[in-house]
Each structure stands twice: as C-alpha cells, then as structure tokens.
Amino acid sequence: MRVAAYVVTPPGEERQADLKLVSRYALLLGWGLASSTFADVGEPPPLAQRPGFQAACRYAAQGYAHGILAIARPAIATDNDTYARVLEHLFHHSVFLDYLPSGEAAP
C-alpha cells in the first residue's frame, strides 16, 4: 500500500513538520510513501483553487499511490456536500482518503 502525503501549510518548517508527521503515521501503519508530496497554502481554499490537492488526486488516479493521507478532514473540506463529491470522485478512481488519528492517538 502506498500513499501520497497532502498538507495545507505554507512552505518552510511548518510544512516539513506536517509532512514528517504524515510520513511517520504512514510508516507506523506499514504503508509506503509515494515519491511525491503535495501541499496547498493557508486555510483550505475552494477545491477548484487547490492545485496541490488536484495534483495529489491525479497522481493517485494514475496509479502512483493507492490513497491520499492528510492530517485531518478539514484539510480537504469542511462542507459535507463538497466532501461527499471528493469521496465520490476518488472512489471512481479507486483511490482512498485517510487521516491521522485525532487527539492522543496521533504518533
């Protein structure tokens, strides 16, 4: 199983820390990491304005990863209808979406 890491943070130390957190969790589960990582900046903008997330979806849909791993659902969408559309799109491309556990269970 191979996943592509996706984070929503500005470039720099914070992004590297978030990607490291995602990577550690993937390795804890025994998942491999895709050679590419993906990111967008700041508060999650509308999906149409997120080149990093769109690239992660294309990357996985092309078979380079089985899924996308993000820190938490708000990094993808807080609106239930938008979130449902994302899941349906990924489902049609046989791609899963997962998150780090919340609270004290996080690595």
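In what follows, the accompanying structure is described. Numbers given for residues are sequential positions, taken from 1 along each chain in its written order. Only residues with pLDDT of at least 70 get local features here, since the model is predicted, and only at 80 or more are side-chain atom pairs given and counted; chain-wide, interface and lining totals rely on the full set of residues. By convention in this description, side-chain values take in all heavy atoms of the structure and omit both hydrogens and water.

We count a stretch as a helix when DSSP gives it H or I for four or more residues in a row; a strand needs E for two or more, and each element gets its number in order from the N terminus. Helix and strand counts for the chain come out as three helices and five strands. Ordered by position in the sequence, the α and β elements of the chain form the string β-α-β-β-α-β-α-β. In this treatment the radius of gyration is a C-alpha quantity, and the globule benchmark scales as 2.2 Å times the residue count to the 0.38 power. Taking 2.2 N^0.38 as the reference for a compact globule, 107 residues should give roughly 13 Å; the C-alpha atoms of the chain span a radius of gyration of 13 Å, in line with that estimate. We call two residues contacting when some pair of their heavy atoms lies within 4.5 Å. For the chain, contacts bridging at least 24 residues in sequence account for 72% of all contacts bridging at least 6. His residues and chain termini do not enter the charge count, which takes Lys and Arg as positive and Asp and Glu as negative. Here the site of a charge means atom NZ of a Lys, CZ of an Arg, CG of an Asp or CD of a Glu. Between the averaged position of the 8 positive side-chain charges in the chain and that of its 10 negative side-chain charges there is a distance of 7 Å.

Our next topic: helix 3 (residues 80-92). Take the number of residues in a helix, subtract one, and multiply by 1.5 Å to get its expected span. Taking 1.5 Å of rise per residue, the 13 residues of helix 3 would be expected to cover 18 Å, and the 18 Å separating its terminal C-alpha atoms lies within 8% of that figure. Accessible area is worked out with a 1.4 Å probe on protein chains only. A residue is then buried under 20% of its type maximum, exposed over 50%, and partly exposed in between. Residues of helix 3 that are buried include every one of Thr82, Tyr83, Val86 and Leu90, and no others. The buried residues of helix 3 occupy one face: seen down the axis, they fall within an arc of 100°. Of the exposed residues in helix 3, those oriented more than 90 degrees away from the buried face are Asn80, Asp81, Arg85, Phe91 and His92. Buried positions along helix 3 lie against helix 2 (51-61), strand 4 (67-70) and strand 5 (96-99). Positive backbone phi, approximately 55°, marks Ser94, located one or two places after helix 3. What the arc covers is the set of directions going from the helix axis to the C-beta atoms.

Residues Leu97 and Tyr99 line the buried face of strand 5, whereas the alternating positions Phe96 and Asp98 sit on a face that is not buried. Strand pairing follows a simple DSSP-based rule, namely that at least 2 bridges must link the two strands. Relative to strand 5, strand 4 runs parallel, the two sharing four bridges. Across the sheet, Ile68 pairs through a bridge with Leu97, a residue of strand 5. We call a crossover right-handed when, viewed with the strands running away from us, the connection from the first strand over the helix to the second turns clockwise. Following the backbone out of strand 4, through helix 3 and into the adjacent parallel strand 5, one traces a crossover that is right-handed.

This part covers the side chain of Asp40. The topology assignment puts Asp40 in strand 3 (residues 38-40). A polar contact is formed between the side chain of Asp40 and the side chain of Tyr6, at a distance of 2.7 Å. Within the structure, Asp40 has its side chain in polar contact with the backbone nitrogen of Phe53 (distance 3.0 Å). Not counting chain neighbours up to four residues away, the residues in contact with Asp40 comprise Tyr6, Val7, Val8, Thr9, Arg15, Arg50, Pro51, Gly52 and Phe53. By the criterion applied in these results, polar contacts are pairs of N or O atoms within 3.5 Å in which, for protein atoms, one can donate a hydrogen and the other can accept it, and in which residues neighboring in sequence qualify only through two side-chain atoms.

This part takes up the nonpolar core. The biggest cluster of nonpolar side chains holds 22 residues, and the ones touching the most others in it are Tyr6, Phe53, Ile68, Ile76, Leu90 and Leu97. Of all elements in the fold, only strand 1 (2-8), helix 2, strand 4, helix 3 and strand 5 reach the threshold of two or more residues within this core. In terms of residue count, the dominant contributor to this core is helix 2 (five residues). If sequence neighbours within four positions are ignored, Ile68 has contacts with Ala4, Tyr6, Phe53, Ala56, Cys57, Ala60, Leu90, Val95, Phe96, Leu97 and Asp98. In plain words, nonpolar cores are sets of buried Ala, Val, Leu, Ile, Met, Phe, Trp, Tyr and Cys residues tied together by side-chain atoms within 4.5 Å. Membership of the second largest hydrophobic core comes to ten residues, among which are Ala5, Val7, Leu19 and Trp31.

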